[in-house]
Amino acid sequence: MNPNSFQFAPETFTQARTRIADRILRTPMVHSSSLSERAGVPVHLKLEQLQKTGSFKLRGATNAVLALDETAQANGVVGVSTGNHGRGLAYAARQAGVKCIICMSRLVPQNKIDGIRAQGAEVRIVGSSQDEAQVEVDRLVDEEGMTLLPPFDHKDIIAGQGTLGLELLEDVPDVETVLVPLSGGGLISGVAEAVKARKPDVKIIGVSMERGAAMAASQAAGHPVQVPELPTLADSLGGGIGLENRYTFNVVRDLVDNIVLLNEAEIAAGIRHAYWQERQVVEGSGAVCLAALVADKAKLAGPSVALLSGCNIDMNMHQRIISGEDVDVAGEGEI
Ligand SMILES: *Cc1c(COP(=O)(O)O)cnc(C)c1O
């Protein structure tokens, strides 16, 4: 592989790991008999859905908060995510004693607001659209010197997510294929950079949902493009990659070997498989790698790792899915 393919120095990830080590969980790796049998190669699951705050987003957020200089830490951080990044950022900031404000519009459902507040952030409700919330974010940055920490396209966020790659290499040293959930691409960029710098022949496969796969569409177009945002069981994979994307578009282009897309029924089957076969509660976005294997949509060369990335799913919805109900979120209204 061309060494110029890398955008991060390999030690970026070891440094991030040292920085966040005592604030995150080193999550377990387990062998899956059912998937190994099905695939004909050893399949291991990285149980990152057991991470504090319920997703890997805590890694990047913790690394980014701790990497700020003293002045920036004193001024605080701001975010716009109402999902897993918001939770991770709120928790990371509180642990570090850094003020954190998450801005959101009036349309955000109360359970999401409560979820962020529970992690210790101040929630500021502004306006009735994401754009209006963004105006307040810009003001906090410009006038109060706060630092905006975005969910994926940021070097310290990517470095933090990449620490997962170092852990998985230690746990499965003979790994040949890694499956990673893919949205904005912070997770897969970190993992691909950390893993391929050490084992260039490992195949990295991204998994997204068919409904609104912004990174897949952008790669196909050769540049970042916008796609319509649609309701999906993989709700943490929604959203664009940013038309001004700086890092993740290029890393995915250079280091990701393949992107697999899944329909809603396949994602539901992944959630069911996680529960009934692996005894794990996983949200739709966290189950897509399992789902790709269950649907037989990913070719595994040898020993493989599937990443389970998060567990923040409405438990009533989870109950319905694992009971075999055909849940179509397109008809559910607010997701
Ligand atoms: C954010 C998220 C992803 C996707 O991560 P990106 O860095 O945006 O590609 C996958 N799974 C879960 C649970 C997430 O919260």
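Located above this text is the structure these notes cover.
Residues numbered from 1 in each chain as written. Predicted model: local features only at pLDDT ≥ 70, side-chain atom pairs only at ≥ 80, totals over all residues. Heavy atoms only, no water.

The next thing to look at is the overall build of the protein chain. The helix and strand inventory of the protein chain stands at 14 helices and ten strands. Relative to a compact globule of 335 residues, whose C-alpha radius of gyration would be 20 Å, the protein chain shows 19 Å and is just as compact. Judged by the C-alpha coordinates and their principal axes, the protein chain covers about 55 × 45 × 40 Å. Burial statistics for the protein chain: of 335 residues in total, 54% are counted as buried. The long-range fraction of contacts in the protein chain, counting pairs at least 24 apart against all pairs at least 6 apart in sequence, stands at 73%. Per element, the accessible surface of the protein chain, about 13800 Å² overall, is 47% carbon and sulfur. Within the protein chain, one finds 30 positive and 41 negative side-chain charges whose respective centroids are separated by 4 Å. (Helix = DSSP H or I, 4+ residues; strand = E, 2+ residues; numbered from the N terminus. Rg over C-alpha atoms; globule rule 2.2 N^0.38 Å. Buried < 20%, exposed > 50% of the residue type's maximum accessible area, 1.4 Å probe, protein only. Contact = heavy atoms within 4.5 Å. Areas by Shrake-Rupley, 256 points an atom, 1.4 Å probe, with all protein chains shown as cover. Lys, Arg positive; Asp, Glu negative; His and termini not counted. Charge placed at Lys NZ, Arg CZ, Asp CG, Glu CD.)

With that settled, the discussion passes to the sheet that holds strand β9 (residues 258-262). As summarised here, the arrangement of the six strands in space is β1-β2-β10-β7-β8-β9, forming an open sheet in which the pairing is mixed. Of all the strands in the sheet, the pair left with one neighbour each is β1 (29-31) and β9. Pairwise comparison of adjacent strand axes, ignoring direction, gives a mean angle of 25 degrees for this sheet. Of the pairings in the sheet, the one linking strand β2 (residues 43-47) to strand β10 (residues 304-308) comprises five bridges and is parallel in character. By the bridge assignment for β10, Leu-47 is matched with Leu-308. (Pairing = 2+ DSSP bridges. Axes fitted to C-alpha atoms, helices over the stretch in contact; angles between N-to-C directions.)

The environment of the ligand is formed by 16 residues, the closest being Lys-57, Asn-84, Ser-183, Gly-185 and Ser-309. A distance of 2.7 Å separates a nitrogen atom of the ligand from a polar side-chain atom of Ser-309. The protein chains hide 97% of the 380 Å² of surface that the ligand would expose on its own. (Near = heavy atom within 4 Å. Polar contact = N/O pair within 3.5 Å; in protein donor to acceptor, adjacent residues only side chain to side chain.)

Of all hydrophobic cores here, the largest spans 36 residues; its most connected members are Leu-45, Leu-179, Leu-233, Leu-262, Val-288, Leu-293 and Ile-321. Taken together, the elements giving at least two residues each to this core come down to β2, β8 (203-209), β9, α12 (264-276), α13 (288-294), β10 and α14 (315-322). Beyond its immediate chain neighbours, meaning those up to four positions away, Leu-293 contacts Leu-35, Arg-38, Val-43, Leu-179, Ala-298, Leu-300 and Ala-306. Counting residues in hydrophobic clusters, the runner-up holds 35 residues, among them Val-191, Ala-192, Ile-241 and Val-305. (Core = buried A, V, L, I, M, F, W, Y, C linked by side-chain atoms within 4.5 Å.)

Quick look at the sheet that holds strand β3 (residues 77-79) now. The strand order β5-β4-β3-β6 describes an open sheet built from four strands, whose pairing is parallel. The sheet terminates laterally at β5 (122-125) and β6 (147-148), the two strands that pair on one side only. Bridge analysis of strand β4 (residues 100-104) against β5 gives four bridges, and the strand direction is parallel. Counted as the bridge partner of Ile-102 is Val-123 from β5. Each of β3 and β4 is contacted by helix α5 (residues 84-96), which is oriented at about 160 degrees to β4, the strand it contacts most. Against the sheet, helix α7 (residues 130-144) contacts β3, β4, β5 and β6, and its axis sits at roughly 155 degrees relative to β4.

This part takes up helix α11 (residues 248-255). Along α11, the positions that sit buried rather than exposed are Thr-248, Phe-249, Val-251, Val-252 and Leu-255. Residues of α11 that are buried sit in contact with α8 (155-171), α9 (186-198), β8, α10 (214-221) and β9.

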